[in-house]
Amino acid sequence: MTDLTCLQPVLQWFETQGWQPLPFQLQTWQAYLAGHSGMIQVPTGSGKTYAAVMAPIAEMLQTPGTGLQLLYITPLRALSRDIEQSILRPIQAMEWNLRVESRTGDTGSAQKTRQLKNMPDILITTPESLALMLSYAGAKTLFKALRGVILDEWHELLSSKRGTQTELCLSHLRSLCPNLRTWAISATLGNVQEAAQAAVGLKANPIVIQSDLQRQTVIQSILPESIDTFPWAGHLGLRMFESLVSALDIETSTLIFTNTRFQSERWYQALTFALPEQCDRIALHHSSIDVKEREEIEAGLKAGQIKWVVCTSSLDLGVDFQPVERVVQIGSAKNLARLLQRAGRSAHVPQGTSEIFFLPTNALELLEISAFRNGLAQGDVEARRPLNHPYDVLIQHLVTLACGDGFQAESTLSAIRTSVAYQDLSDTAFAWAIAFITTGGKCLNAYPRYQKVGLEAGVYQVKEAQIARMHRMGIGTITSNQIVQIRYMNQTKIGTVEESFVSRLKKGDVFFFAGKQLEFFMMKDMVVYVKSASKKSTVTPTWAGGNLAISDSLSVHLRKEIEIAKNHQNLNQELTCLQPILATQTKISHLPACHELLIESCKTRDGQHLYVFPFEGRFVHEGLGFLWGYRFAHQKHATFTISVNDYGFEILAPKDYPFKDLFSDAFFSLDSLHEEIKTSLNLSELTGRKFRGIAQVAGLVFKGYPSAKKTSSQLQVSSSLIYDVFTKYEPENLLLQQAESEVLQEQLEVHRLSKTLLRLSQLEVVWQETKRPSPFAFPLFVERLNSRLSNESLLERIDRLKQQWQGTADT
């Protein structure tokens, strides 16, 4: 039995707060003090932070040490402020002799320098800042007293390269401190044991701590007054802003979540237009707004001065906003875990009831919210899995270690293999990575800048200060379009946008950003200078990566909802509201049951349309659409146009193309799947784009010094040249193989595509010949229509087509 007497100071502080430790907190403290590692998985707002930090603090108070003893890793810089305040609260109240500090991208350089000389007892940091610390000489001394590591919001990091980077950094820390304990914190995960193992490494047997705390999530839909029987993506959306204002109360503290930054800007405009007298109580929060403004908004929300905040995933995670009473989700969250996470922002206390309002951006999303409700009721949450040895992150990690104290190949390989992501890393692959950073590999060995690491007395080390300096500036795994700052003419920072948006602006253009009307003046040294503008504009920056796809878990429940609607059994308010659409779908075509695959074919002036509805998500449908297009063309050559959404895909062919005659069970075949996918898509172009990010992470392209950043077009040229060289002269290059694998697994979700084909092969195919696109097909028709250039607006074209079809139906 573990001696718990050292917990007395912690229990005394809990008593001063009028609290009793919850069973899962006591269980975590006991496990930590017994020397174990593990993961805490309890509902949001249940007291996970104190469960994780109090045992390490108690141990430090009983056996004081010098230097850094507890490392707290968080995925967002914004979270570090709240975490620091939470940890300082008992320390200051009880006057414990412990120092707590943060070290993130927002920390000043003077404080960072001081920290390297005199580390605090507890340091809150991000994966990137941890890697940066390992890149300095003396890292071994810096971390020698480390006792524990806490990984906050582990589910957010786990299945990304940032998670892989964290795994590698921790594998190195464990080699320096063999008794290091690691505890991950996660609110929403489907594969708990696998996630816990990735957090603690393969040498530990993780203890998973869960609680029986029940947290109810109440979902309410804001239903449209009328339903268009031919819905399309975005046809409701902002049209319902008055309904949203009516459903909410400005005195009730509310987070209004959107899925994209563009959407958040538009909704902020709409809400301030509807309530001009409340502008000072409504705010906009997303990751591109300047950090100081975001901090002011968060402080205003906590103080109760700001009541409504329109936000994105920038407020998804564990920021503690206890005043928040309600959450709104605009558009489908597409993912059970994401909705649960956002709902948990309200009533952020143990056993509180989370209340979330859902506002659809198109009528068919009501199906999704009904599926969400049933999925959460059954306890379904998506799994997130560690990546499988991304070589770009490995290369960056090796150079990081070489910039610091250096590394020995054999011991470093052993440490790396204790991480879940690299447990199967072969000797050959590791030798290739070593050759790549020392000689530049097969293709780049003539260029000294790629010979970054040297070997001396068995230790690999970076000798040139300039190479180390350039590497530290590139540490991290987040890649995106080149970001440029927005500032007023007096140098006041406003935020950041992608260079691709700014490149379309000319002097005098007005755009809406961060809730402000701004006039573009000039761009100099990757900084956009603007002035406040009085004239109005609806032009809003767009950012890459806006498309979310429904998850595999949600797709299962979505298909069940359609069957429930088909049978008219126990219809909830969403399915009742959808009856006009579903009745029209049944009249024109068919409403598929779970054991059926619906395929529709119709002819219009554009050609012969094939609509297929697997209900598996847009990424799976993209791969499936191109695969079937290839299989049709293999039998009868034609040029196809492919459109996709979360419910199905469209293949448009020339008029009278014999889709039905050519179709067979062979379309569900898994034989030669990878080869056919590669052939059906322009895979080299997709791989080339993916390689750009890989080249940045692996340090093949340098973004430039802060005063002379490269443009995204310059970076693209650099990475494209390297990609072409590798493709031509070293096709076996592991970074090339990784780029192709990422396209297939992440962009096209080939693993899900295989499962989908197997599932579809077991279904009864219902083939419907229709005279016009059905309500399910219409959004796909519009998706393609939207990409066409015309002097007629999209709305005008849609209205004209619906009138034509309605006339045909009436006749």
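A count of helices and strands for the chain gives 33 helices and 25 strands. Across the 811 residues of the chain, 58% fall into the buried class. In the chain, the proportion of contacts linking residues at least 24 apart, taken out of those at least 6 apart, comes to 75%.

On to the sheet that holds strand 16 (residues 483-488). A sheet is described by the order of its strands in space; here five strands give the open sequence 17-16-20-19-18, paired in mixed fashion. Looking along the sheet, the strands with just one partner apiece sit at the ends: strand 17 (493-498) and strand 18 (510-513). Put simply, the sheet's adjacent strands are angled 40 degrees from each other on average, direction ignored. Sheet topology note: the strand 16/strand 20 (residues 527-532) ladder contains four bridges and is parallel. In the strand pairing of strand 20, Y488 is matched with V530.

The next thing to look at is the packing of helix 28 (residues 683-697) against helix 30 (residues 734-747). Contact geometry of helix 28 with helix 30 gives a least axis separation of 8 Å together with a crossing angle of 110 degrees. Between helix 28 and helix 30, the angle is such that the two are roughly perpendicular. Note on element contacts: helix 30 touches helix 28 through L735, L736, Q738, A739, E740, E742, V743, L744, E746 and Q747, opposite L683, L686, T687, K690, F691 and I694. Across the contact of helix 28 with helix 30, the residue classes break down as nine nonpolar, three polar and four charged.

With that settled, consider the pairing of strand 16. Where strand 16 and strand 17 come together, five bridges link them in antiparallel fashion. Along strand 17, the bridge assignment pairs I483 with E498. Here strand 16 folds back onto strand 17, and the loop between the two strands holds four residues, one of which, Q491, carries a positive phi near 80 degrees.

Our focus in this paragraph is the sheet that holds strand 21 (residues 596-604). The mixed open sheet is built from five strands, whose spatial order is 23-24-22-21-25. The open sheet is flanked by strand 23 (641-644) and strand 25 (764-769), the only strands paired with a single partner. The mean angle between the axes of side-by-side strands here comes to 20 degrees, regardless of whether they run parallel or antiparallel. Of the strand pairs in this sheet, strand 23 and strand 24 (residues 649-653) are connected by four bridges, and their pairing is antiparallel. The partner of I642 across the bridge, within strand 24, is I651. Contacts from helix 25 (residues 618-635) reach strand 21, strand 22 (607-613), strand 23 and strand 24, with the element oriented near 30 degrees to strand 24.

Side chains of a nonpolar character, in soluble globular proteins, are inclined to be buried together. Counting residues in hydrophobic clusters, the biggest one holds 49 residues, and the most contacted among them are L255, V309, L339, F372, L578 and F613. A total of six residues in this core trace back to one element, the largest contributor, which is helix 15 (residues 365-377). Non-local contacts of V309, meaning those with residues more than four positions away in its chain, are made with T254, L255, I256, A283, H285, I297, L301 and L315. By size, the runner-up hydrophobic cluster in this structure holds 45 residues, among which are C403, F407, L444 and V453.

In this structure, K334 is a non-glycine residue whose phi angle is positive, near 70 degrees. Along the chain, the position of K334 falls in the loop between strand 12 (326-330) and helix 14 (336-343). A positive phi angle, near 30 degrees, is found at H389, a position not held by glycine. In this structure, H389 sits in the loop between helix 15 and helix 16 (391-403).

The end-to-end C-alpha distance of helix 31 (residues 750-761) is 16 Å, a good match for the 16 Å that twelve residues give at a rise of 1.5 Å each. All of the buried residues along helix 31 are V750, R752, L753, T756, L757, R759 and L760. Angularly, the buried residues of helix 31 cover 170 degrees about the axis, an arc narrow enough to put them on a single face. Packing partners of the buried residues in helix 31 comprise helix 22 (552-567), strand 21, helix 25, helix 27 (673-680) and helix 30.

Criteria and thresholds
Here the residue index of a chain counts from 1 through its sequence in written order. With the structure being a predicted model, the display of local features is reserved for residues of pLDDT at least 70 and the display and counting of side-chain atom pairs for 80 or more, all residues being used for whole-chain, interface and lining totals. Calculated side-chain values reflect all of the structure's heavy atoms, with hydrogen atoms and water omitted. Helix and strand labels come from DSSP, where a helix needs a run of H or I of at least four residues and a strand needs a run of E of at least two; each type is numbered from the N terminus. Any residue under 20% of the maximum accessible area for its type is buried, any over 50% is exposed, and the rest in between are partly exposed; the area is computed with a 1.4 Å probe on protein chains only. Only heavy atoms enter the contact rule, under which two residues are in contact if any of them lie within 4.5 Å. Strands qualify as paired when DSSP identifies two bridges or more between them. To get an axis, a line is fitted to the C-alpha atoms, and for a helix only the part in contact is used. The angle between two axes follows their N-to-C directions and goes from 0 to 180 degrees. Should an angle fall under 35 degrees it is taken as roughly parallel, and over 145 as roughly antiparallel, whereas 65 to 115 is taken as roughly perpendicular and any remaining angle as oblique. As a working rule, the residues Ala, Val, Leu, Ile, Met, Phe, Trp, Tyr, Cys and Pro are called nonpolar, Asp, Glu, Lys and Arg charged, and the rest polar, with Gly in that last group. What we call a nonpolar core is a set of buried Ala, Val, Leu, Ile, Met, Phe, Trp, Tyr and Cys residues that are connected through their side-chain atoms within 4.5 Å. The length a helix should cover is 1.5 Å for every residue beyond the first. The directions from the helix axis to the C-beta atoms are what the arc is built from.

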